[in-house]
Amino acid sequence: MRVPWIAATFFLARSALAVFADEAWNVDYHYALLGLPKQSTSFFHQPNPSSRASLIYTLSEEGVLGAVNPRDGSVVWRQLLLSEALAYNVSFLRAGEGQDTVISGIGSQVAAWSAADGRQAWILDTAGPLQDVEILELSDGRETAGAKDAIALSGGEHPAVVRIDGTSGAIKWQYQWDGVDQPYQVSASTTEVFAILLHKTLLGYVKLKVVSLDPVTGRKTDEHVVSSENELASAETIVSVGANSASPIVAWTNSAHSVLKVNILGTKEISSFNIEAHDSHAVERVEIHAPYHTNSLSHFLVHYETATSHWADVFHIDLKNSKIEKAYSLPKMTGKGAFSTGTSDANVFFTRVTRDQVMTVSSASHGVLGRWAVAGFGVAAGPGESVEPVHAVSEVSIKGTSVSAVRSAVLLSTGDWVLLRDGSPVWNRPEVLASTVSATFAIPAEVQEFVQQLEAEAHGNPISAYIHRVTRHLQDLQKLPAIMASLPQRIVQGFLGTSADGGIASDSFGFHQIIACATRDGRLVALDAGNPDKVLWNQQVADLQLGQTWQPSVSSPEGGIIEINSKASAGVRYNASTGEQLFSILPIDETAGEVALPVKYAIHKGELDATVDTKMAWHFTPMSGERIVSLVPRPVNDPVASIGKVLGDRRVLYKYLDPNLALLVTANDVTKAATFYVLNTISGAILYSNVHSGVDLGSPISSMLSENWFAYSFTAEASANSPKGHQLVAGELFESLVANDRGPLSASANYSSMQTGTEPFTLAQTYQIPEPISHMAVTRTRQGITSRQLLAVLADSSAIVGIPYGVIDPRRPVSRDPTKDEQMEGLVRYSPVLDFDPKWYLNHQREIVGIKDVVTSPALLESTSLVFAYGLDVFGTRLSPSFSFDVLGKDFNKFQMLATVAALAVATFVVAPLVARKQVNARWQFA
Amino acid sequence: MLSLSHLALLLCANLASAARLTVSIPPSPPLLPNPSTLPPSTHAVLVGPPGVHYDVPIRRDSTFVFPDVAEASYLLTLHSRDYFFPPLRVDVSKAADESQQQTIQAWQTFRGNEWDNKGPHYGSGKGELQLQIQPSGHKEFYQERGGFNIIGFVKSPMILMALVSAVMIFGMPYLMDNMDPETKAEFEEMQKSSPLTGSGGAANQIQNFDLAGWMAGKGTSSGSGASGGGNSKKR
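Values in this document were obtained by computation on a predicted structure and should not be read as measured data.

(A) Broad picture of the overall build of chain B. Of regular secondary structure, chain B possesses seven helices and twelve strands. The proportion of buried residues among the 235 residues of chain B is 39%. A sequence separation of at least 24 residues applies to 50% of the contacts in chain B between residues at least 6 apart. Roughly 13400 Å² of accessible area belongs to chain B as shown, and the carbon and sulfur atoms make up 59% of that amount.

(B) Structural view of the domain arrangement of chain B. When its domains are assigned, chain B resolves into domain 1 (17-138) and domain 2 (147-196). Using C-alpha coordinates to define each centre, domain 1 of chain B is positioned 68 Å away from domain 2 of chain B.

(C) A look at helix α3 (residues 157-178) of chain B. The end-to-end C-alpha distance of α3 of chain B is 30 Å, a good match for the 32 Å that 22 residues give at a rise of 1.5 Å each. Along its length, α3 of chain B shows its largest kink, about 40°, at G171 of chain B, and proline P173 of chain B lies within four residues downstream of that point.

(D) How the structure looks around the sheet that holds strand β39 (residues 553-555) of chain A. All names here are of chain A. Pairing within the open sheet is antiparallel, and its four strands lie in the order β39-β40-β41-β42. Since the sheet does not close on itself, it has two edges, and those belong to β39 and β42 (581-582), each with one partner. Across two bridges, strand β41 (residues 572-575) lies against β42 in antiparallel orientation. Pairing of R573 across the sheet is with L582, part of β42.

(E) Broad picture of the environment of F84 of chain B. All names here are of chain B. In this structure, F84 sits in strand β6 (residues 83-84). Classification of F84 as partly exposed rests on a relative accessible area of 31%. With 129 residues separating them in the primary sequence, F84 and G213 have C-alpha atoms 75 Å apart.

(F) Layout of the interface of chain A and chain B. Tallying the contact residues gives 61 residues for chain A and 45 residues for chain B. Summing both partners gives a buried area of about 4700 Å² for chain A against chain B, and 52% of it is carried by carbon and sulfur. For the pair chain A and chain B, the interface holds two salt bridges. One salt bridge in this structure joins D835 of chain A and R111 of chain B, with 2.1 Å as the shortest N-O distance. Scanning the region where chain A abuts chain B turns up 21 residue pairs in polar contact (both at pLDDT 80 or more). Breaking the side of chain A that touches chain B down by element, the ones donating at least two residues are β1 (19-20), β6 (75-80), β9 (109-114), β10 (120-125) and β55 (761-769) of chain A.

(G) Representation of the pairing of strand β25 (residues 309-318) of chain A in the model. Residues and elements named next belong to chain A. Of all the ten residues making up β25, nine are buried; the element is thus mostly covered by neighbouring parts of the structure. The loop that links strand β24 (residues 299-305) with its antiparallel partner β25 comprises three residues. As paired strands, β25 and strand β26 (residues 323-334) are joined by nine bridges and run antiparallel to one another. Opposite D318, over in β26, you have K323 as the bridge partner.

(H) Up close: the sheet that holds strand β60 (residues 865-871) of chain A. Residues and elements named next belong to chain A. Read across the sheet, four strands follow the order β2-β61-β60-β59 without closing on themselves; strand pairing throughout is antiparallel. Edge positions in the open sheet fall to β2 (29-31) and β59 (851-858), since each of these has one partner strand only. Going from strand to strand, the sheet's axes swing by 15° on average, the running direction of each strand aside. When β59 meets β60, the two strands line up antiparallel, connected through seven bridges. Bridge pairing links P858 to S865 in β60.

(I) Representation of the pattern of salt bridges. Residue and element names in this part refer to chain A. One pass over the structure, following the stated rule, counts 42 salt bridges over all chains. One salt bridge connects K220 with E223, and the closest N-O pair in it is separated by 2.7 Å. One salt bridge in this structure joins K645 and D809, with 3.3 Å as the shortest N-O distance. Highlighted residues: K645 in strand β47 (residues 644-646) and D809 in the loop between α6 (805-808) and α7 (820-825), separated in sequence by 164 residues. Comparing K645 with D809 shows no difference in burial state: the two are buried. One salt-bridge network, held together by shared partners, links R634, D638, K655, E707 and R788.

(J) Representation of the side chain of R472 of chain A in the model. Residue and element names in this part refer to chain A. Checked against the element boundaries, R472 lands in helix α3 (residues 462-477). Accessibility expressed as a relative area gives 7% for R472, which makes it buried. Those residues in contact with R472, other than ones at most four positions away along the chain, are F450, Q453, L454 and E457.

(K) Quick peek at the confidence of the model for chain A. Residue and element names in this part refer to chain A. Counting all residues, the mean pLDDT for chain A is 84, and 90% of those residues have values of 70 or more. Overall, residues 1-16 carries pLDDT values under 50, and its contacts beyond four positions in sequence, including any with other chains, amount to 16 contacts. Ignoring residues within four places in sequence, the model shows residues 584-596, a span with pLDDT below 50, making seven contacts including any to other chains.

(L) Looking closely at the packing of aromatic side chains. Enumeration according to the criterion identifies 21 aromatic pairs over all chains in this entry. On the numbers, 6.1 Å between centres and 5° between planes, the contact of F710 of chain A with Y712 of chain A is stacked. Relative to F714 of chain A, the ring of Y712 of chain A lies with its centre 6.3 Å away and its plane at 25°, an arrangement referred to as stacked. When sorted by exposure, Y712 of chain A lands in the same class as F714 of chain A, which is buried. Following the ring pairs from residue to residue traces out a cluster consisting of F676, Y688, F710, Y712 and F714 of chain A. When the ring centre of W107 of chain B is taken as reference, the NZ or CZ atom of K118 of chain B above it lies at 4.0 Å.

(M) Quick look at the pairing of strand β53 (residues 709-716) of chain A. Residues and elements named next belong to chain A. Among the eight residues in β53, eight count as buried, and that is most of the element. Residues of β53 alternate between two faces, with W709, A711, S713 and T715 on one and F710, Y712, F714 and A716 on the opposite face, all of them buried. Note that strand β52 (residues 702-706) and β53 share five bridges and pair antiparallel. What sits directly across from S706, in β53, is W709. Pairing of β53 with strand β54 (residues 725-734), which is carried by eight bridges, proceeds in the antiparallel orientation. Across the sheet, the residue bridging to F714 is Q727, located in β54.

(N) Quick peek at a nonpolar patch on the surface. All names here are of chain A. Together, Y466, V470, L474, L477, L480, I483, M484, L487 and I491 line one region of the surface with nonpolar side chains, adding up to about 850 Å² of accessible area. When residues of the nonpolar patch are traced back to their parent elements, those giving at least two are α3 and α4 (480-495). The biggest single contributor to the nonpolar patch is α4, with five residues. Mapped onto the elements, V470 comes out in helix α3. Exposure remark for V470: the relative accessible area of 33% places this residue in the partly exposed category.

(O) Here's a closer look at the nonpolar core. Residues and elements named next belong to chain A. Within the largest apolar cluster, 39 residues are counted, with the highest numbers of intra-cluster contacts made by I56, L433, I515, L527 and F868. Counting residues per element, the ones that place at least two in this core are β2, β5 (64-68), β32 (402-412), β33 (417-421), β35 (436-442), β36 (514-519), β37 (523-528) and β60. With three residues, β60 is the single largest residue contributor to this core. Not counting residues up to four positions away in its chain, the partners in contact with F868 are Y29, A439, F441, I515, C517, L527, D853, V854, V855, V874, F875 and G876.

Conventions we followed
- Residues numbered from 1 in each chain as written.
- Chains lettered and ligands numbered in written order.
- Predicted model: local features only at pLDDT ≥ 70, side-chain atom pairs only at ≥ 80, totals over all residues.
- Heavy atoms only, no water.
- Helix = DSSP H or I, 4+ residues; strand = E, 2+ residues; numbered from the N terminus.
- Buried < 20%, exposed > 50% of the residue type's maximum accessible area, 1.4 Å probe, protein only.
- Contact = heavy atoms within 4.5 Å.
- Areas by Shrake-Rupley, 256 points an atom, 1.4 Å probe, with all protein chains shown as cover.
- Domains from an automatic or database assignment.
- Expected span 1.5 Å × (residues − 1).
- Bend = angle between axes of the 7 residues up to and from the residue.
- Pairing = 2+ DSSP bridges.
- Buried area = accessible area lost by both parts, 1.4 Å probe.
- Salt bridge = Lys/Arg side-chain N within 4 Å of Asp/Glu carboxyl O.
- Polar contact = N/O pair within 3.5 Å; in protein donor to acceptor, adjacent residues only side chain to side chain.
- Axes fitted to C-alpha atoms, helices over the stretch in contact; angles between N-to-C directions.
- pLDDT = per-residue confidence, 0-100.
- Phe/Tyr/Trp six-rings, centres within 6.5 Å; stacked < 30°, edge-to-face > 60°.
- Lys NZ or Arg CZ within 6 Å of the ring centre and 35° of its normal.
- Patch = residues over 30% accessible without salt bridge, like charges linked within 9 Å, V, L, I, M, F, W, Y side chains within 5 Å.
- Core = buried A, V, L, I, M, F, W, Y, C linked by side-chain atoms within 4.5 Å.

See the structure below:
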């Protein structure tokens, strides 16, 4: 029974488009991103305790845990721990010294991951949200074998400290307390576990309460309050609770950041230090950097930051009498700086990264062990923007007593994560792109300028146009030497078949479009689709406060210009090639567009309202108990080459083409039903609707509408006699189902949605697909002649598949073989199971994670559509759904062609005397 | 990806004794001799009734552990970058009484078929079930281009015909020379009588066609066939 389907699938797979082995990895590009790393969850660690090679681990703001190779910046492995990124999530990442696992804590889950390959070792769900996770490094010799245990502090209704077995993930003991004290952090020395709780006083201040626990039994051994009555207004001024150092500390400042107080956990004394103001600016931020190893010297560095400068003090802890002394200061420098700690045996080194130098000092004395100038970080930044280091982690190599090399992974203010070896950048990862919320394609400004010049020549008066042209050519002549110089290289490249490459200016195929990405933290980043290895420009366009969000939408209203719209601003435009802000063009001159689109519609309070000139045009209220899930209109720029479909016998089925179509999805949470409507957005008429019951509304419901067809997918619940799983429905609208007949429209020359209510004839077909589709898009080409591909984002496979339209064509004949005419059209027998052939995977072997949206744009070549997917990862490629019929692809073998010509030439020279002799003989010899 | 959905968590919390499902991938040469080469993004998904959804990543020992699965009927799918795995149906059903544990059963299932159409039984257990799933195929992402292939080139009918005719042209005179005189005479006789190659044959006429003469309007210079054109022009 299943054999014919499989056969059909194989047939389709062969006829359909695929990723070619020689184009994969060249045509497509992919940034495997993690998101902005956090200082507290980033570190160098050796995945294999026996080898010295280390990786950089981080748990980013996007909730992605990953390991990065410090040599080239490639991702070794990563795990998405949060399905939805929270901008300021609380997460923890720890690695015990000499351990082959890293332990993450996010939400309520503590998990251990194999440091070398990223596989899970164990996972544990704590009762409440996690407040802290630490590794227990006991020095009593009982912990030598096996993995080191972890301790976790969870909040919620029943806050608790839990000791977790490092091998199995089982709970060894649990300490819960009564009362209203809020858990804050947990810390461990070699002999004790400290839980730091916040105790609210009557006046609204908080007090720090330290509870000491026995690490073996989990029993409370001591409890005391360290801060005085009204010192701390809130927990925000608590600077740090060091952990795993020989003597963990807790430090806090007063709200004016003028006094620093430090307590060594386990003691009651508090050391107090005045923070000296170095200039007129107030200290805004105080941070503590301490080594995370129990056998390191108990030194720590306090980093002070004002609006314009930063400096640091280094303190030593005297373990014998529990005294803290200030050892030395690192001088003030303008701009921001990042400090990081590195250890070598017991020695501690502090590395300071500023905007122009990297410097390493020992914690013991202020002598500079190494200083390297930073010429630049090698990242793109906005005009006038100074690139500042935000935070850094570093690894110090020691030879004898001197520092031989320092590797620092620095997060810059531009959102790039850069590795500096000594002072020179080795790689950079544009992690800012991981928070892209909106993206668009735009034509480069140079190309647009050229178009405008040609237009000026075409429409001006002949004499001035001629002068304009001559001056333009004279200007072009200046580029001649450069062209001549690059000519040999271009010829060689032409032979090697890389004609699609080249700069933006020499882009004859339209592959070099600019992709502008607006990110969640208010930056606008531009990439070149034809040369995506490098960020073109990157600048701050919105000044967002901490925790503030914006919903920008980026668009390209005309060539060479990128426009950002958000709730706050009406629309700011930027030059697509340089990122320069354009003040001259105001976005008010869009009156022409408004006449063309008189009906505006929007989802308002769960209903769909359409207005004409502020008057209500129509109103769509979902049925009672239903809510609107999504609304997908037909794309504005959706060219259609043919108004009909040519059948095998040369007759025509007319497509129902209306620019004002939208696909609306509503869901009923009680009956588990999803309803899909195709609406005319001018008249509000429902052209087609379909209800599916037993739909899993927690799974993604994706939908798409283009030309005269639509597609949607959902997950269906099983019943005894129906299949369970994910379904894809494709529908196509026709004016009539009779060939060569336009139905009621044939009589009318003009047509208006307002007057005539012609309804389409709709064919729809359902397919069973192997996994849910989280988002859909469609390829776009310049004229719409090329057949379309449905692009489906598969979250479970971390892939995007391009499904050829012929495979989901609702006109596939059901339960009979196709007739000869249908075969001519390329229709194959309908089979309910649609397998995604791996050759349809646009990403082939790459794994693209967290894709939220896919944008497409036509290239200048009719055959080609540019695709750009964003979300967490950034992925782009070029697609030719009907093969590259207008450009010589890589399959065109230039050497073979030349060889053939040469062989023919040789053959001609060899055969010519033979033929001549034969002709002469024919004249003289008579048979 | 790894977090269970909230509803699932609530469901789990309500159930006193939840079932534990362990799925392992055994070494299955020649397709997958070493399952530890599977990338860490390999994960298993249990899709239950609406809202119940579990997703777990691969463990160090190439297993997937669902620690507590609520009572329902599930579709189990394994997703890996390089391999296909068959989908399974997993049923967790109520225990007969309070003291007993739930029953877990697993069968192969077929997409596009009704849910009750079950395939081979993979196993059943009380409160706990360990399954082994072998990959069903390797994902082939790349399409090789049909490059230049000399054997395929020679095999094509056009080239075969050309080769045969080349053999005829170059080989025939040699053959003729080596023939004994009687056979040769017989052969020549045969050729003369043949309509195609004889002196009055079509091929000869075309070969001896005097284009210049025909253009000049000369009538019966050579063959009768050639004069046909000229004659018609004269008429």
